[in-house]
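A structural walkthrough
Here are the chains, one letter per residue:
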Amino acid sequence: MIPFVDLRAQYLSIKDEIDTAVLKVLDSTQFILGNEVTALEEEFATYCDAESGIALNTGTSALHLALLAAGVGAGDEVITVSFTFVATVAAICYTGATPVFVDIDPVTYTIDVTQIEKAITERTKAILPVHLYGQPADMAPILEIARRHGLVVIEDAAQAHGAEYKGQRVGSIGDIGCFSFYPGKNLGAYGEGGMAVTKNAQYARTMRMLRDWGQERRYHHVVKGYNYRMDGIQGAILRVKLRYIEAWTEARRTHAAQYNQLLAGAVTTPTAVPSNRHVYHIYAVRVQMREQLQQELNNLGIQTGIHYPIPVHLQTAYSDLGYQYGDFPHSEKAAREVLSLPMYPELTTPQVTTVAESLQKIVQGVAVA
Ligand SMILES: *Cc1c(COP(=O)(O)O)cnc(C)c1O
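Residues numbered from 1 in each chain as written. Predicted model: local features only at pLDDT ≥ 70, side-chain atom pairs only at ≥ 80, totals over all residues. Heavy atoms only, no water.

Right, let's talk about the packing of aromatic side chains for a bit. Each aromatic ring pair is described using two quantities: the centre-to-centre distance and the angle formed by the ring planes. Counted by the stated rule, this structure contains 15 aromatic pairs. Their ring planes at 80 degrees and their centres at 6.5 Å tell us that Phe83 and Tyr133 sit as a pair that is edge-to-face. Of the two residues, Phe83 sits in the loop between β2 (77-81) and α5 (86-94) while Tyr133 sits in the loop between β4 (124-127) and α7 (139-149), which places them 50 residues apart along the sequence. Here Phe83 falls in the buried class, since its relative accessible area comes to 1%. Consider the rings of Phe85 and Tyr308, whose centres lie 5.8 Å apart with planes at 40 degrees: the pair is tilted. Residue Phe85 is located in the loop between β2 and α5, and its partner Tyr308 is located in the loop between α11 (290-299) and α12 (329-337); the two are separated by 223 residues in the primary sequence. For Tyr308, a relative accessible area of 14% corresponds to the buried category. Members of the aromatic cluster, joined through ring pairs, are Phe44, Tyr47, Phe179 and Phe181. The cationic tip of Arg169 hangs over the ring face of Tyr47; the distance from NZ or CZ to the ring centre is 4.4 Å. (Phe/Tyr/Trp six-rings, centres within 6.5 Å; stacked < 30°, edge-to-face > 60°. Helix = DSSP H or I, 4+ residues; strand = E, 2+ residues; numbered from the N terminus. Buried < 20%, exposed > 50% of the residue type's maximum accessible area, 1.4 Å probe, protein only. Lys NZ or Arg CZ within 6 Å of the ring centre and 35° of its normal.)

The next subject is the domain arrangement of the protein chain. We note that the domain assignment places domain 1 (7-102 + 110-242) and domain 2 (245-368) within the protein chain. Centre-to-centre, using C-alpha coordinates, domain 1 lies 25 Å away from domain 2. In this assembly, 38 residues from domain 1 lie in contact with 31 residues from domain 2. The largest share of the area that domain 1 buries against domain 2 comes from Phe83, Tyr133 and Asn186, three residues that together contribute 26% of it. One can count 1 salt bridge joining domain 1 with domain 2. Among the ionic pairs, Arg169 bridges to Glu246, the shortest N-O distance being 3.6 Å. (Domains from an automatic or database assignment. Contact = heavy atoms within 4.5 Å. Buried area = accessible area lost by both parts, 1.4 Å probe. Salt bridge = Lys/Arg side-chain N within 4 Å of Asp/Glu carboxyl O.)

What follows is the structure, given as structure tokens:
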């Protein structure tokens, strides 16, 4: 069996260090925030070329607090994409603002920058590009549009730890970058976790207060805050894992290159923009008759995923936004055709070969049938 991800393989490869780090936190009783979390904030901010890191309980909280720090609230609009994980859109709604969707570029699956300006109104406050699957959105035109219209840029980098756009680390290109440490993400905690990074001291200060009940000092609540703090154990685990992320990312990129080579001609393989460092949180191919392919791969013991089968503008929960089928054709088509193949650093070359050859054979069978 080849699983879609294998969190156990990664744990076993660093078990001694992880166990020691966890036991150290138990001994210190710094269960919430504390020294390990503070150290992680510094190390991860440095990794992202940012000034400050604010460690949080989830990536969703990072998006929520980034929007609040940027002053987004009821009556405002935030421009983003529909072809993303639902959290991107949920976080906008938490602030009382309205998500305004634009379509994706069908090659990179990131926001179509030529559609942004038409979506801007006098209510627009921010642009929220998503670095989907680990590929950076086209940040230069996004920043240029934002500057011209006085908008804040918040990066959803939940899938893109260590990704680079024209040599710049994602997360510190816009005003605030938001990361998730959900276990399956490229840098994953052993529980929930997230972080916001920024170069702006004022945004950092606001987010730090908001994550801990809006306190300036203990029991002095200067703004209405939240309980969005990171656990000490997660901070310690993430510090250990951060030391390996570059090696793990290079392993992902090697697997992706091997898939690309073996699958060329059989299916549409992902396109990494040459000036980007794509970090392949997800390796998604495009196929026709996806459900049948997925079933046949599953019969051969190969697990796959679909990220994501229904774009947010067609989700029941967001029907009140008033969109309908046909509004974002590239998003809708991608949602029908993408298929995510097994991708994690510990995959072996023979496993990648098995997946690719199985897919090849099925596609040829499907074609002649
Ligand atoms: C995972 C993810 C999030 C949310 O992160 P959580 O830590 O699960 O709250 C947000 N946006 C995208 C694109 C994601 O993949």
